Amino acid sequence: MKIQIVFGALMCVIACLGQESVPEEIMEDERLFDERSKDSAVDKVKPNILPFYKRSCCPRRNGMSINLATGTFSGSVEGVSSPTFQDQTSTKAKCRYMATLRANFQSLTRCLYDWHQGGCVSFPMCKRRMLRIDMFLGDDRKGYMFNVGDSQSNNGWGGDSGHTKHDAEIFGYYPTIRGYKSDFCKSEKSTWANTLLKPGVRRVTIFAANNYARITNDNGFEVKGCHKCAFALNGQDPDDRANTLYMAFNRVIAASNRRGVGVCTVRIRWECPDCERSIFPFPLDVKAAGNE
């Protein structure tokens, strides 16, 4: 009897993984697994009938680079809008452009919701479920450097003008990163002092997913965790069925009157199990970012 129960549970997990690994219009030349080099017979098999462990589950468009010194961008990412730029003519800082954009997350299936601690996506998954945001910093830094949140009215310090109760956010106000939970846990906030301080910190990375956030920098800082009042990106907000995450650089999300400088280059991609090898045509290091 015990053997049957264990076998049944194992089959459920395998079925769940297989379901989530089916590619969404993955183009043949963008497949990231290297089974082809190991087994030429794979080339003769159609992608949609490959075993799930041989299928690519990374979105076929999955690399965007944003230059805040020139107000331009290259590449594209499925489910992520093109950035909107605004120049700050009042400053002589090299990286003076502000930018805003948004990403739409895919909801979890019931099977995966139960498996992921009640919906917390704490590691890379197939499709559009964990977003990676790499920010490379310049020498001139002040004010509001970035803002990432699940309300279109996030404006730093935990506020969003009462637009929605789902308003968790992370923002950088030089030299500190701060995090605020949603209105359902309004009193919960975090402060990570000097995590943007120059000259030691040149790069900050945020991993955002449903009920989860991880923040790191290249000076040894790391914080991560699941929380029911973190980003709501799995259908919790009845007014946002697209599961939208908003991003702003050198300003806050809601308005440009809260602005700053310091973020020079941003690189965005979905973090997936088969995207461990960088898909960018350039290395993800400070030198490659240009340090504008």
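Relevant structure appears above.
Residues numbered from 1 in each chain as written. Predicted model: local features only at pLDDT ≥ 70, side-chain atom pairs only at ≥ 80, totals over all residues. Heavy atoms only, no water.

**Q** Which parts of the structure should I look at to understand the pattern of salt bridges?
**A** Pairs can form between side chains of opposite charge whenever their charged atoms are close. One pass over the structure, following the stated rule, counts eight salt bridges. When the shortest N-O distance is used, the salt bridge between R60 and E78 registers 3.7 Å. Highlighted residues: R60 in the loop between helix 2 (35-38) and strand 1 (62-67) and E78 in the loop between strand 2 (72-77) and strand 3 (84-86), separated in sequence by 18 residues. D87 serves as the salt-bridge partner of R96, at 2.7 Å between the closest nitrogen and oxygen. Using a relative accessible area of 25% as the deciding quantity, one classes R96 as partly exposed. A residue is classified by how much of its surface remains accessible, and D87, at 27% relative accessible area, is partly exposed. Among the ionic contacts, a cluster of salt bridges with common partners joins R132, D134, R203, R269 and E271. (Salt bridge = Lys/Arg side-chain N within 4 Å of Asp/Glu carboxyl O. Helix = DSSP H or I, 4+ residues; strand = E, 2+ residues; numbered from the N terminus. Buried < 20%, exposed > 50% of the residue type's maximum accessible area, 1.4 Å probe, protein only.)

**Q** Looking at this structure, I do not really get the nonpolar core. What am I missing?
**A** Within soluble globular proteins, side chains that are nonpolar tend to cluster in buried spots. Counting residues in hydrophobic clusters, the biggest one holds 43 residues, and the most contacted among them are L131, M135 and F249. Those elements giving two or more residues to this core turn out to be strand 1, strand 4 (98-104), strand 5 (130-149), strand 9 (203-209), strand 10 (212-217), strand 12 (244-249) and strand 13 (260-270). At seven residues, strand 5 tops the list of elements feeding residues into this core. Membership of the second largest hydrophobic core comes to eight residues, among which are C120, M130, F207 and Y212. (Core = buried A, V, L, I, M, F, W, Y, C linked by side-chain atoms within 4.5 Å.)

**Q** Just checking my understanding: could you explain the state of the cysteines for this structure?
**A** A complete count under the given rule lists four disulfides for this structure. Note that C95 is cross-linked by a disulfide to C264, the S-S spacing being 1.9 Å. The sign of the 100 degrees torsion about the S-S bond sets the C95-C264 disulfide as right-handed. Here the residue C95 occupies a position in the loop between strand 3 and strand 4, and C264 occupies one in strand 13, the gap between them amounting to 169 residues. Considered together, C95 and C264 belong to a single accessibility category, that of buried residues. What pairs with C120 in a disulfide is C226, and their sulfur atoms sit 1.9 Å apart. Between C120 and C226, the S-S dihedral sits near -70 degrees, and the bridge is therefore left-handed. In this pair, C120 is assigned in the loop between helix 3 (110-115) and strand 5 and C226 in strand 11 (residues 222-226), connecting sequence segments 106 residues apart. (Disulfide = S-S within 2.5 Å.)

**Q** What is the right way to look at the packing of aromatic side chains in this model?
**A** Aromatic rings in a pair are described by how distant their centres are and how their planes are angled relative to each other. All told, the structure shown has seven aromatic pairs when counted by the stated rule. When the ring of F105 is compared with that of W270, the centres are 4.9 Å apart and the planes differ by 85 degrees; the resulting orientation is edge-to-face. Separated by 165 residues along the polypeptide, F105 in the loop between strand 4 and helix 3 and W270 in strand 13 bring together distant segments of the chain. Here F105 matches W270 in class, with each residue buried. (Phe/Tyr/Trp six-rings, centres within 6.5 Å; stacked < 30°, edge-to-face > 60°.)

**Q** Any chance you could explain unusual backbone geometry here in plain terms?
**A** Most peptide bonds take the trans form, and the phi angle of most residues other than glycine is negative. For the peptide bond that leads from Y174 to P175, omega is 5 degrees, which places it in the cis range. Within the secondary structure, P175 is located in the loop between strand 6 (169-173) and strand 7 (176-180). Of note, the bond from K198 into P199 is cis; its omega dihedral lies within 30 degrees of zero at 0 degrees. Inspection of the secondary structure puts P199 in the loop between strand 8 (189-192) and strand 9. One non-glycine residue, K127, lies in positive phi territory at about 65 degrees. Assignment of secondary structure puts K127 in the loop between helix 3 and strand 5.

**Q** Explain the environment of G149 here, please?
**A** Relative to the elements of secondary structure, G149 occurs in strand 5. For the pair formed by G149 and F231, sequence separation is 82 residues and the distance between their alpha carbons is 7.0 Å. Other than its neighbours up to four places away in sequence, G149 contacts N154, A168, E169, F231, L245, Y246 and I253. (Contact = heavy atoms within 4.5 Å.)

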